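So the chains spell out like this:
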Amino acid sequence: MPAISATAPGKIILCGEHAVVYGKPAIALPVIQVRTKTTILAKPAALSGKVQIIAPSINLDTDLTHLPEDHPLRKTIALVEQELHVNALPACEIRITTTVPLGAGFGSSASVTVSLARALSNFLGHPLPDSSINLITYEVEKIHHGTPSGIDNTVITYAAPILFQKGYPIKFLDVLNGFILVIADSASASSTAEMVEGVRERWQEDKAKYDQLFERIALVTTQVYEVLCKGNMANSGALLTENHHLLREIGVSTPILDQMVKAAIEAGASGAKLSGGGGGGNIIAVVSPGSVDRVSAALLSNGARNIIVTAISGKGDSTHE
């Protein structure tokens, strides 16, 4: 039996992070330049039911049974088995490789889960639909992040630009005019769960203030959505900068992220912001084709460890339940 493989991209949040946890809209984009690949190879000569998991990025090479039951990889496998009514896997080797940076706002945990769940269901001969992959990944995201919004698992599962709002159908975006994003890794890892919990604690202490900030973020997100559908994001980057200032007010930016945002704008970006949980991770900047190199160089001179340039275009004329 040939090896079975499946991949999943990374993602970035264009706008609306943190507020999305409180029922506000957010826009997320897949980043195909980074990717997780899961390859499963049947091992008919091995002991019955022996499953070896190899994940070099986290220095993991172990038998499945040696992982705790609540380990994200073991949980993913259990949920796929449950969905397909499978009691045990045939002997196999599961190898997971990724170029998605860890703790940098690219959705690394969701990318791993999506690729693993998809590869495993294919290996078992019953490929799961995206809706099932999405639900499985959301459950595993709870292990990683405590109270996830659901946006990471959704944009990575469907690999398309989306407007996400908890409790509403997913809306896929038709981006009228493509644009270029420079994504800069700040070289400082961050825990999304800790950042989300910190915001929750501050919200509980001053709900009026934070509810107002979330409403202002929601307004920016709505404006960005309208620009994506009807205008040109390359000329409206200032909306992202406004979103960054609001994220700074809710306490999730850092001096290095603020410095990188400032450097990007001074180098010619039309707007920039942190992307993801904050406290580290990455910033994104909207740039023109002629300013890509200049903005990239400025970011590398102001603390960025790595740069990814991605061209955003979108299609999607349907709504998925």
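All values derive from a computational prediction rather than experimental measurement.

Right, let's talk about the pattern of salt bridges for a bit. Across all of its chains, the model carries 11 salt bridges by this definition. The salt bridge involving Asp185 is made with Arg305; its shortest N-O contact spans 2.9 Å. One end of the pair, Asp185, is in strand β8 (residues 179–185); the other, Arg305, is in the loop between α9 (292–300) and β11 (306–312), with 120 residues separating them in the sequence. Exposure remark for Asp185: the relative accessible area of 5% places this residue in the buried category.

Taken together, the 4 strands give an open sheet; going across it, the order is β9-β10-β8-β11, and neighbouring strands pair in antiparallel fashion. The open sheet has two free edges, formed respectively by β9 (271–275) and β11, since each of these has just one partner strand. Sheet twist, expressed as the mean angle between neighbouring strand axes with direction ignored, is 25 degrees. Looking at chain direction, β9 and strand β10 (residues 282–287) are connected through 5 bridges and run antiparallel. In the strand pairing of β10, Ala272 is matched with Ala285. Each of β8, β9 and β10 touches helix α8 (residues 255–266); the most contacted strand, β9, lies at about 155 degrees to it.

Another point: the layout of surface pockets. Volume-wise, the largest pocket comes out at about 540 Å³. Per-class residue counts for the lining of the largest pocket are 11 nonpolar, 22 polar and 4 charged.

Conventions used here
Residues numbered from 1 in each chain as written. Predicted model: local features only at pLDDT ≥ 70, side-chain atom pairs only at ≥ 80, totals over all residues. Heavy atoms only, no water. Salt bridge = Lys/Arg side-chain N within 4 Å of Asp/Glu carboxyl O. Helix = DSSP H or I, 4+ residues; strand = E, 2+ residues; numbered from the N terminus. Buried < 20%, exposed > 50% of the residue type's maximum accessible area, 1.4 Å probe, protein only. Pairing = 2+ DSSP bridges. Axes fitted to C-alpha atoms, helices over the stretch in contact; angles between N-to-C directions. Contact = heavy atoms within 4.5 Å. 1 Å grid on protein atoms, 1.4 Å probe; cavity = no way out; pocket = protein on both sides within 12 Å on 5 of 7 lines; lining within 4 Å. Points joined across faces, edges and corners; volume = space filled by probe spheres on them. Nonpolar A, V, L, I, M, F, W, Y, C, P; charged D, E, K, R; others polar.

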